[in-house]
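Here is what each chain is made of, one letter per residue.
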Amino acid sequence: MQDILSMLHALRRPPLLMRAARIGAVDYRRSVHLPRLLGYGVLPRHGAALFRLMELEGTLNSQRLSDDTSYSLIRHVDVLIAMVGEARVLRASGNT
């Protein structure tokens, strides 16, 4: 089974979406961004948060690809920003 960072690395998204996510991740603050995306309460550990974010992003990407009218580009970029931010923390700590 692939570890979570390998799964993240294997994702293929449009370059413009990923560029926006990398730029936004510079200002990523876990305590502010995660509750908005995952719900308020105790924040999950970095690996668990990244996994949940990947699930959300998969749903958003499916909506994007199917031209679903409920698709939100802003939410998609927000989720990608959080994914990049959480992945950076995981890489820096050396944990998966």
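Above this text you will find the structure in question.
Residues numbered from 1 in each chain as written. Predicted model: local features only at pLDDT ≥ 70, side-chain atom pairs only at ≥ 80, totals over all residues. Heavy atoms only, no water.

Engineer: Can you help me understand the side chain of Glu86 in this one?
Structural biologist: In this structure, Glu86 sits in helix H5 (residues 73-93). Contact partners of Glu86, with chain neighbours within four places excluded, come to Tyr28, Arg30, Leu34, His46, Ala49, Leu50 and Leu53. (Helix = DSSP H or I, 4+ residues; strand = E, 2+ residues; numbered from the N terminus. Contact = heavy atoms within 4.5 Å.)

Engineer: What is the right way to read unusual backbone geometry from this model?
Structural biologist: Backbone phi values are negative for most residues with the exception of glycine, while trans is the configuration of most peptide bonds. The phi dihedral of Asp67 is positive, around 55 degrees, even though this residue is not glycine. By the secondary structure assignment, Asp67 is in the loop between helix H4 (46-65) and H5. A residue is classified by how much of its surface remains accessible, and Asp67, at 67% relative accessible area, is exposed. (Buried < 20%, exposed > 50% of the residue type's maximum accessible area, 1.4 Å probe, protein only.)

Engineer: Any chance you could explain helix H2 (residues 15-25) here in plain terms?
Structural biologist: Since the α-helix packs 3.6 residues into each turn, any two residues three or four apart lie on the same face. When H2 is considered as a whole, its buried residues turn out to be Leu17, Ala21 and Ala25. On an axial view of H2, the arc spanned by its buried residues comes to 65 degrees, and they lie on one face. Set apart from the buried face of H2 by more than 90 degrees, the exposed residues are Pro15, Leu16, Arg19 and Ile23. Looking at the packing, one finds that the buried side of H2 touches H4 and H5. (Arc of directions from axis to C-beta.)

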